[in-house]
Amino acid sequence: MSKLNRQWHEANPMPKNPTPEQRMAWHTGHTANCPCRAMPAGVIRLFTERGLPVPEQLALKHSDG
Ligand SMILES: [Zn+2]
């Protein structure tokens with residue numbers, strides 16, 4: 001019932017004081033494996049300001065779409 005992918009979260013803790021690159025890497029893995037929350041705007045900006053494509057977000061997919 002939970003939308004949290006607990007197994008993925010336990011295997012992939014967010015580093016303490018992450019660098020922007022670490023945040024991007026974490027959220028890239030997170031958004032592909034866990035729909036518990038959407039990618040924060042500040043993280044999306046890390047991709048766009050580098051000219052990188054924003055990963056497709058599992059959290060924003062609709063099963064009835
Ligand atoms: Zn999650």
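Residues numbered from 1 in each chain as written. Predicted model: local features only at pLDDT ≥ 70, side-chain atom pairs only at ≥ 80, totals over all residues. Heavy atoms only, no water.

Peer 1: Got a sec to walk through helix α3 (residues 41-48)? Specific residues and values, please.
Peer 2: Of the residues making up α3, those classed as buried are Val43, Leu46 and Phe47. Along α3, the residues classed as buried sweep out an arc of 95° about the axis, all on the same side. Exposed side chains of α3 directed beyond 90 degrees from the buried face belong to Ala41 and Arg45. Residues of α3 that are buried sit in contact with α2 (20-33). (Buried < 20%, exposed > 50% of the residue type's maximum accessible area, 1.4 Å probe, protein only. Helix = DSSP H or I, 4+ residues; strand = E, 2+ residues; numbered from the N terminus. Arc of directions from axis to C-beta. Contact = heavy atoms within 4.5 Å.)

Peer 1: Give a description of the environment of His27 that names residues and reports values.
Peer 2: Along the chain, His27 turns up in helix α2. Look at His27 and you get buried, because its relative accessible area is 4%. Residues His27 and Met14, 13 residues apart in the sequence, show an inter-C-alpha distance of 9.0 Å. Contact partners of His27, with chain neighbours within four places excluded, come to Met14, Arg37, Met39, Pro40 and Val43.

Peer 1: How would you summarise the side chain of Gln57 if you had to cite specific residues and measurements?
Peer 2: With respect to the helices and strands, Gln57 occurs in the segment after α3. Residue classification places Gln57 among the buried positions, given a relative accessible area of 9%. For Gln57, the contacting residues outside a window of four places in its chain are Thr31, Ala38, Met39 and Ile44.

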